[in-house]
Amino acid sequence: MANVTLNQIGKSYGKDTAVENFNLEIEDGEFLVLLGPSGCGKSTTLRMIAGLESITTGELSIGGIRMNETDPKDRGVAMVFQNYALYPHKSVFDNMAMALKLQKIPKAEIEKRVNDVSDLLGLNDYLERKPAALSGGQRQRVAIGRAIVRTPEVFLFDEPLSNLDAKLRVKMRMELQELHKRIGVTSIYVTHDQVEAMTLADRIVILDGGKVAQIGSPRDVYDYPATEFVAGFIGSPAMNFLPAVQSESGWRITGSDLLLPHPEGLATKSETVTLGIRPEHIEVITVVADPDAWVIEATVKLDELLGADALLNLSVQGFDLLARVSGTDFPEAGSKVHIRMDPARIHGFDPATGLALSREPISER
Amino acid sequence: MKSSPRFGLYFLVLLTVVISFFPIIWLILTSFKNTAGIYAWPIQYWPDPFTFENYISIFNNSPELLRYILNSFIVGVGCTAITLMCGGIAAYALSRLRLRFAGVMMVGILAVSMFPPVSLLPSLFQNFLNFGLLNTYTGLILAHAGLFLPFSVWMLASYFATLPVEIEEAAKMDGMGFVRIFLTIILPLSWPGFVATGLIVFIFSWNEFPLALVLMTQNAMRTAPVGISLYPGEYAFPWETISTATVLAIIPVLIITAIFQKQIVGGLTAGAGK
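As the structure is a computational prediction, the values presented were derived from the model and not from experiment. (Residues numbered from 1 in each chain as written. Chains lettered and ligands numbered in written order. Predicted model: local features only at pLDDT ≥ 70, side-chain atom pairs only at ≥ 80, totals over all residues. Heavy atoms only, no water.)

### With respect to the overall build of chain B
Next up, step 1: Along its length, chain B carries 13 helices and 0 strands.
Next up, step 2: Across its three principal axes, chain B shows a C-alpha extent of roughly 70 × 70 × 30 Å.
Next up, step 3: Taken across its 274 residues, chain B has 40% of its residues classed as buried.
Next up, step 4: Long-range contacts, defined here as pairs at least 24 residues apart, represent 75% of the contacts in chain B between residues at least 6 apart.
Next up, step 5: Total accessible area on chain B stands at roughly 15300 Å², and carbon and sulfur atoms take up 74% of it.
Next up, step 6: On chain B, the mean spot of the 12 positive side-chain charges and the mean spot of the 10 negative ones are 16 Å from each other. (Helix = DSSP H or I, 4+ residues; strand = E, 2+ residues; numbered from the N terminus. Buried < 20%, exposed > 50% of the residue type's maximum accessible area, 1.4 Å probe, protein only. Contact = heavy atoms within 4.5 Å. Areas by Shrake-Rupley, 256 points an atom, 1.4 Å probe, with all protein chains shown as cover. Lys, Arg positive; Asp, Glu negative; His and termini not counted. Charge placed at Lys NZ, Arg CZ, Asp CG, Glu CD.)

### As for the sheet that holds strand β5 (residues 65-66) of chain A
Residues and elements named next belong to chain A.
Next up, step 1: On the basis of which strands lie adjacent, the open sheet formed by 4 strands has the order β2-β1-β4-β5 and antiparallel pairing. Both outer strands of the open sheet, β2 (16-26) and β5, are each paired with one neighbouring strand and no more.
Next up, step 2: As paired strands, strand β1 (residues 4-13) and strand β4 (residues 57-62) are joined by 5 bridges and run antiparallel to one another. Counted as the bridge partner of Val4 is Ile62 from β4. (Pairing = 2+ DSSP bridges.)

### Considerations on a negative patch on the surface
Residue and element names in this part refer to chain A.
Next up, step 1: A contiguous patch of negative charge, built from Glu25, Glu27, Asp28, Glu153 and Asp202, is present on the exposed surface.
Next up, step 2: Its location among the elements puts Asp202 in the loop between α6 (194-200) and β9 (203-208).
Next up, step 3: Given a relative accessible area of 40%, Asp202 falls into the partly exposed group. (Patch = residues over 30% accessible without salt bridge, like charges linked within 9 Å, V, L, I, M, F, W, Y side chains within 5 Å. Salt bridge = Lys/Arg side-chain N within 4 Å of Asp/Glu carboxyl O.)

### Some remarks on the packing of aromatic side chains
Here the distance between the centres and the angle between the planes together describe a pair of aromatic rings.
Next up, step 1: In the structure shown here, the tally under the stated rule is 20 aromatic pairs over all chains.
Next up, step 2: On the basis of an interplanar angle of 85° and a centroid distance of 5.5 Å, the ring pair of Phe32 of chain B and Phe52 of chain B is categorised as edge-to-face. One end of the pair, Phe32 of chain B, is in the loop between α1 (3-31) and α2 (35-39); the other, Phe52 of chain B, is in the loop between α2 and α3 (53-61), with 20 residues separating them in the sequence.
Next up, step 3: Consider the rings of Tyr92 of chain B and Phe182 of chain B, whose centres lie 5.0 Å apart with planes at 40°: the pair is tilted. Of the two residues, Tyr92 of chain B is situated in helix α4 (residues 64-96) and Phe182 of chain B in helix α9 (residues 178-189); the sequence distance between them amounts to 90 residues. As far as burial versus exposure is concerned, Tyr92 of chain B and Phe182 of chain B are alike and both buried.
Next up, step 4: Against the face of Tyr87 of chain A rests Arg146 of chain A, its NZ or CZ located 5.2 Å from the ring centre.
Next up, step 5: Here the basic side chain of Lys33 of chain B rests over the ring of Trp26 of chain B, its NZ or CZ set 4.1 Å away from the ring centre. (Phe/Tyr/Trp six-rings, centres within 6.5 Å; stacked < 30°, edge-to-face > 60°. Lys NZ or Arg CZ within 6 Å of the ring centre and 35° of its normal.)

### Topic: helix α8 (residues 165-174) of chain B
Next up, step 1: Taken across its 10 residues, α8 of chain B has 7 buried, putting it largely inside the fold.
Next up, step 2: By the burial criterion, the buried members of α8 of chain B are Ile167, Glu168, Glu169, Ala170, Ala171, Met173 and Asp174 of chain B.
Next up, step 3: Where α8 of chain B is buried, its residues touch α1 (42-50), β6 (77-80), α2 (92-102) and α4 (136-149) of chain A together with α4 and α9 of chain B.

### Quick look at the domain arrangement of chain A
All names here are of chain A.
Next up, step 1: Here chain A is described as being made up of domain 1 (4-229) and domain 2 (238-364).
Next up, step 2: Between the C-alpha centres of domain 1 and domain 2 the distance comes to 38 Å.
Next up, step 3: Carbon and sulfur atoms supply 50% of the area buried between domain 1 and domain 2, which totals about 1200 Å² over both sides.
Next up, step 4: Looking at the side of domain 1 facing domain 2, the largest losses of area belong to Tyr222, Tyr224 and Glu228, adding up to 50% of the total buried there.
Next up, step 5: Inspection of the domain 1/domain 2 interface yields 1 salt bridge.
Next up, step 6: In this structure, Asp223 engages Arg345 in a salt bridge whose closest nitrogen and oxygen atoms are separated by 3.4 Å.
Next up, step 7: Viewed at the interface, domain 2 and domain 1 are joined by 5 residue pairs in polar contact (both at pLDDT 80 or more).
Next up, step 8: Elements supplying a minimum of two residues to the side of domain 1 that touches domain 2: β10 (211-216) and α7 (218-223).
Next up, step 9: No other element matches the 4 residues that α7 contributes to the side of domain 1 that touches domain 2. (Domains from an automatic or database assignment. Buried area = accessible area lost by both parts, 1.4 Å probe. Polar contact = N/O pair within 3.5 Å; in protein donor to acceptor, adjacent residues only side chain to side chain.)

### As for the side chain of Gln194 of chain A
Residue and element names in this part refer to chain A.
Next up, step 1: Along the polypeptide, Gln194 turns up in helix α6.
Next up, step 2: Overall, Gln194 belongs to the buried group, its relative accessible area being 17%.
Next up, step 3: A polar side-chain atom of Gln194 sits 2.6 Å from the main-chain amide nitrogen of Gly235.

### Details of the confidence of the model for chain A
Next up, step 1: Here chain A averages 90 in pLDDT, and 98% of its residues register 70 or above.
Next up, step 2: Contacts of residues 361-365 of chain A to residues separated by more than four positions or lying in other chains number 14 contacts, the stretch itself having pLDDT below 50. (pLDDT = per-residue confidence, 0-100.)

Printed below as a string of structure tokens:
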């Protein structure tokens with residue numbers, strides 16, 4: 001077990017920069033998720049930690065020892081690949097035993113360790129099989145087993161669940177959670193799936209174009225997104241963004257007559273702002289009791305029942321809003337409704353920099 | 001309605017097969033005819049009488065045919081072995097080791113292979129003469145290997161490109177060096193690619209004519225195509241002997257193809273990824 005430190009890590013291919021200035025201290029036993037869209041540099045970062053990619057700038061240390069030039073096999077890391085990367089011509093047992101054989105560990109011990117791990121992962125009945133004779137979930141379990149057998153200091157996961165179907169993905173996600181609780185090894189997990197990130201992570205690092213956009217707990221990145229990019233990336237369906245211009249009495253939404261009051265705690269000196277509100281923080285009001293500046297009229301353009309919830313496509317004085325409401329009783333397309341945005345849940349972003357206007361102190365940036 | 005384009009497709013396939021196989025079918029039929037049947041007018045399609053005479057007489061009259069076939073076999077096997085070994089190593093290096101100018105080198109290899117073999121003959125002959133390589137198996141094996149190496153590098157490189165890189169990366173993380181990865185991972189996984197390439201190179205070498213003609217001048221060293229082509233005498237054109245010898249020369253290639261066909265179709269990478 002070990003901590004991992006990324007100090008000013010950067011990677012460039014000629015003139016193209018894939019990752020720049022990445023600083024991160026991953027604690028011993030932590031489950032850290034690197035999250036971002038494809039091409040954001042998350043896989044490159046993981047591969048630099050693994051030693052499959054050279055590090056252009058900065059220093060990587062694992063357990064306090066500089067690892068920049070160390071061979072992948074000597075870094076004490078084990079990796080689980082998206083497409084499993086099992087040796088197709090070797091049995092499950094040999095797949096798991098390979099690293100140990102190469103380390104010249106005595107046969108009896110190899111057998112014991114592989115058997116222990118296959119017990120843990122429920123692979124006992126498949127040890128003699130070739131990977132081709134396994135299901136996708138079983139293959140991924142072998143790939144994880146191959147990593148565990150080596151008793152690494154750090155686990156690296158490169159989108160390990162992406163090749164599985166939706167149902168199996170949920171099951172494996174829970175298994176991974178349980179596994180991490182049980183063996184507690186430092187884990188770095190790359191994904192573009194925010195649900196995996198939210199459910200698995202102690203901390204999430206959100207990457208945007210090779211740069212860190214935010215580092216924080218799942219709660220933090222959801223409640224207090226540090227940038228407009230993070231706000232739009234975390235949460236499904238995505239946050240509504242409304243460009244607005246500041247005026248005496250409040251914010252006027254661009255391209256509409258709607259004037260919203262200043263929500264408390266959101267202050268900006270600039271003239272313009274991008275307001276953000278998540279679909280789940282807009283509610284449909286049936287009875288308008290007291291006059292409330294946050295209640296506005298809207299027309300339902302489209303209603304989509306998801307099951308427990310429903311999505312309402314709303315048209316509000318010249319702009320569109322998406323609201324997520326309870327699926328049991330909701331207005332149908334064409335009806336006129338009153339909606340209320342929760343002022344405490346309104347986010348503001350600087351349109352020029354994309355940075356959040358402070359509402360609460362943001363943990364790290 | 002839906003079946004009509006299918007029908008058209010099958011018709012075209014059948015037409016192609018008949019046209020391309022016609023010379024071979026004709027060759028086989030001819031080998032079972034007697035001389036009268038070959039020159040009969042109107043054309044005799046089915047041999048009448050159907051005779052094995054030609055097959056018996058060819059072993060009596062031209063026993064050197066077996067020697068020709070053996071020579072072809074030795075040269076083919078040697079050339080295939082060298083081509084696969086050198087081609088495999090070169091293709092792996094060029095496709096996976098992230099060499100600088102790998103693309104340029106691949107194009108260079110292709111460009112070199114574009115010279116017509118005949119243009120190489122004079123200098124090849126002179127050099128082989130100096131090194132004493134004329135009329136030796138080593139000589140023709142080297143010449144053929146040089147001729148077909150570019151093809152095998154390209155074939156194998158494109159096969160390696162279909163193998164998922166992650167398997168090699170996983171092997172790297174397990175602690176293998178690149179030589180070990182090549183021997184224990186790449187070779188077993190690209191077995192079908194090697195078999196396919198080897199088979200094609202073997203057939204190329206078996207059929208190769210100009211180099212074999214010039215570099216092997218002694219009768220005992222001739223390869224099958226050269227030997228058979230020299231059957232016609234000054235006044236006679238012994239079609240029955242030529243067709244029979246050609247059919248016999250095709251047989252070893254057919255057998256080898258039949259043996260390895262399963263391996264080509266095998267596809268060992270199933271199960272590596274999704």
